[in-house]
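Per-entry structural report
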Amino acid sequence: VLNTTHEALHIWAGERKADISAIIDQPRLQQIVQATVNTNLTSRQDLLSSSQLQEMRSLFRETLTRQGYLSFAVINPEGVTLGATEDALVGGKHILSQNSNYLKRVFEGEVLVSLPMVSEVLLPNPFGEYEKNQPTMFVVGPIRNVGGQVLSALALRIDPNKDFTRIPQLGRMG
C-alpha cells in the first residue's frame, strides 16, 4: 500500500510539473515577462497599473480554470511578486521566498512542487468559504527569455485538499 501511495504521489507531482512546463514554454508568456523585467517596475502601484499585469491575468484566466489551479504568481530572483492573480501579492515578497534554497533551485532551471504550507492569503476551505491559514501548495518553474536565461519563476497555486491529500487517504487499508 505504501509503495502504491508513493507512486501515485510521484505521478501526481509529475503531472503538475508537465502542466507548468507547457505553460512556461509559451512564447507569449515569455514576451510579457521580458517586457515586465525590461521596464524595471519596482513599486507596487506601478506593477498593479502595468499593462503587463493585465496581459498576464488575461493569459492565465482560462488556463487556471481549465487545469484546476487557484492562482498564479510571477516572481523575480529577489523573491518579489511581479504579477499575480491577487492584487495583495503584487509587489511584495512571495511566500516561497521564505525558503531561499527553493527559489534558487527554480532559478537554476528546476521545476518543483512545494510541500504543503499555510497560505498567506485568504483561500477557500473545503466548503468553499474563504478563510485564513488554509493549506496551499505550488508548482513552480523557470520562465526563460529567447536566449535561455531565466528571467523569473512562475508559481501556480494548488489546493492540496483536492488531490494531494486524497491520494494518501485512498491508499489506506481497510
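Here is a short report on the structure shown in this document. (Residues numbered from 1 in each chain as written. Predicted model: local features only at pLDDT ≥ 70, side-chain atom pairs only at ≥ 80, totals over all residues. Heavy atoms only, no water.)

The next point concerns the packing of helix α2 (residues 27-39) against helix α4 (residues 51-67). With their axes 10 Å apart at the nearest point, α2 and α4 run at an angle of 160° to one another. On the basis of the axis angle, α2 is roughly antiparallel to α4. α4 is crossed by α2, and the crossing has left-handed handedness. From α2, Arg-28, Leu-29, Ile-32, Ala-35, Thr-36 and Thr-39 reach across to α4, where they touch Gln-52, Glu-55, Met-56, Leu-59 and Phe-60. Here the contact of α2 with α4 is composed, by residue class, of 6 nonpolar, 3 polar and 2 charged. (Axes fitted to C-alpha atoms, helices over the stretch in contact; angles between N-to-C directions. Helix = DSSP H or I, 4+ residues; strand = E, 2+ residues; numbered from the N terminus. Parallel < 35°, antiparallel > 145°, perpendicular 65-115°, else oblique. Left-handed = near helix turned anticlockwise from the far one by under 90°. Contact = heavy atoms within 4.5 Å. Nonpolar A, V, L, I, M, F, W, Y, C, P; charged D, E, K, R; others polar.)

Turning next to the pattern of salt bridges. Taken as a whole, this structure holds 8 salt bridges when the rule is applied. A salt bridge links Arg-28 to Glu-55; the nearest nitrogen and oxygen atoms lie 2.0 Å apart. Here Arg-28, found in helix α2, pairs with Glu-55, found in helix α4; they are 27 residues apart in sequence, far enough to count as distant. Residue Glu-55 is classed as partly exposed on the basis of its relative accessible area of 30%. Residues Arg-157 and Glu-120 are paired through a salt bridge, measuring 3.2 Å at the closest nitrogen-oxygen approach. Here Arg-157 is found in strand β8 (residues 150-158), whereas its partner Glu-120 is found in the loop between β4 (117-118) and β5 (123-124), with 37 residues between them in sequence. (Salt bridge = Lys/Arg side-chain N within 4 Å of Asp/Glu carboxyl O. Buried < 20%, exposed > 50% of the residue type's maximum accessible area, 1.4 Å probe, protein only.)

Moving on, we get to the pairing of strand β7 (residues 135-144). Of all the 10 residues making up β7, 8 are buried; the element is thus mostly covered by neighbouring parts of the structure. Examined bridge by bridge, strand β3 (residues 112-113) and β7 share 2 bridges and lie antiparallel to one another. What sits directly across from Val-113, in β7, is Val-139. Here β4 pairs with β7 via 2 bridges, running antiparallel. Residue pairing across strands places Met-117 opposite Thr-136, the latter belonging to β7. (Pairing = 2+ DSSP bridges.)

As far as function goes, none of this settles anything; it's purely spatial.
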